[in-house]
Amino acid sequence: MSISIRTLARRAALVVATGTAALVLAACGGDGADSAAGGAGHGDAGSHSPATTPSPAGTHNAQDVAFAQGMIPHHRQALEMARLAGDRASSDTVKDLAGRIEKAQDPEIRTMTGWLKSWGEDVPASSGGGMDHSASGHSGMPGMMGAEDMDALAKLTGKAFDVQFLTLMVEHHEGAVEMARTEQGKGRYGQAKRMAEDIVTAQNAEIAEMNKLLGKSGSRSGTQG
């Protein structure tokens, strides 16, 4: 009887030991899988703590997201304004400037859209036809035109269009520069900060060019004569 009891006890101990080993292996295996997934998703194979694991893109922060989500609709409006110049502007210089704005900003929109998608963030919806410019929640951004400004610009032709286009685009560019400088100071994602630097450099140069074409400071009251 005592032998049977010792045998049962030994078997029970073996079962417990086997179960414990299985749990340890499962835990180790799970940790390895999680580490592999983290390395693939975050680009940081050396970090295993959820509290310190970087975001999927590696180094972006909330400011980088805000920069892309704000600059995309801001650029879209600049493109809309630039495309109006094709059959409304009288000055070849204004048409050339509008073409350069479109050539520079359209690729930037595509780049920022790619960032947001890779980060799992929302890409601002396009207005489609470009109507109702102030209704999408972006009218409060620096330099963003309201519906009245855009509709009024679309109704102008010739020199009147040239003057108003330059005047509005100066304001629009100044807003973009302000947004880009915020990204330079508070952003973390290297590519976004480099784009912000490019925007500051290029658009400040275009502001100076447009003010020169306007002949004065670019203020609305001083350029209509």
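Residues numbered from 1 in each chain as written. Predicted model: local features only at pLDDT ≥ 70, side-chain atom pairs only at ≥ 80, totals over all residues. Heavy atoms only, no water.

### Quick look at helix α4 (residues 147-154)
Item 1. For α4, the full list of buried residues reads Ala 147, Met 150 and Leu 153. Buried residues of α4, viewed axially, fall in a sector of 135°; they line one side.
Item 2. Packed against the buried residues of α4 are α2 (62-88) and α5 (158-186). (Buried < 20%, exposed > 50% of the residue type's maximum accessible area, 1.4 Å probe, protein only. Helix = DSSP H or I, 4+ residues; strand = E, 2+ residues; numbered from the N terminus. Arc of directions from axis to C-beta. Contact = heavy atoms within 4.5 Å.)

### A short note on the packing of aromatic side chains
Item 1. For the structure on display, the rule yields 4 aromatic pairs.
Item 2. Aromatic side chains Trp 115 and Trp 119 sit 6.2 Å apart centroid to centroid with 25° between the ring planes, which places their arrangement in the stacked category. A residue pair is termed a helical-turn pair when its members lie 3 or 4 positions apart in one helix, as Trp 115 and Trp 119 do in helix α3 (residues 92-119) at 4 residues. With respect to burial, Trp 115 and Trp 119 carry one shared label: buried. (Phe/Tyr/Trp six-rings, centres within 6.5 Å; stacked < 30°, edge-to-face > 60°.)

### Remarks on α2
Item 1. The end-to-end C-alpha separation of α2 is 40 Å, in line with the 39 Å expected for 27 residues at 1.5 Å each.
Item 2. The N-terminus of α2 is capped by Asn 61, whose side-chain oxygen sits 3.2 Å from the backbone nitrogen of Gln 63. (Expected span 1.5 Å × (residues − 1). Polar contact = N/O pair within 3.5 Å; in protein donor to acceptor, adjacent residues only side chain to side chain.)

### Section: the pattern of salt bridges
Item 1. Across all of its chains, the model carries 5 salt bridges by this definition.
Item 2. Here Asp 96 makes a salt bridge to Arg 100, at a shortest N to O gap of 2.9 Å. With Asp 96 and Arg 100 both in helix α3 and 4 residues apart, the pair spans about one turn of that helix.
Item 3. A single network of salt bridges, built from pairs that share partners, joins Asp 96, Arg 100 and Glu 209. (Salt bridge = Lys/Arg side-chain N within 4 Å of Asp/Glu carboxyl O.)

### Quick look at the nonpolar core
Item 1. Ranked by size, the top nonpolar core spans 46 residues in total, and within it Phe 67, Met 81, Met 112, Trp 115 and Phe 165 carry the most contacts.
Item 2. Mapped onto this core, the elements with two or more residues apiece are α2, α3, α4, α5 and α6 (190-214).
Item 3. Apart from the residues lying within four places of it in its own chain, the contact partners of Met 112 are Phe 67, Ala 68, Met 71, Ile 72, His 75 and Met 195. (Core = buried A, V, L, I, M, F, W, Y, C linked by side-chain atoms within 4.5 Å.)

### Details of the confidence of the model for the chain
Item 1. Averaged over every residue, the pLDDT of the chain is 78; the share at 70 or more is 64%.
Item 2. Scored below 50 in pLDDT, residues 14-57 shows 17 contacts in the model against residues more than four places distant or in partner chains.
Item 3. Note on residues 130-136: pLDDT under 50 across the span, and 11 contacts to partners over four residues away in sequence or across chains. (pLDDT = per-residue confidence, 0-100.)

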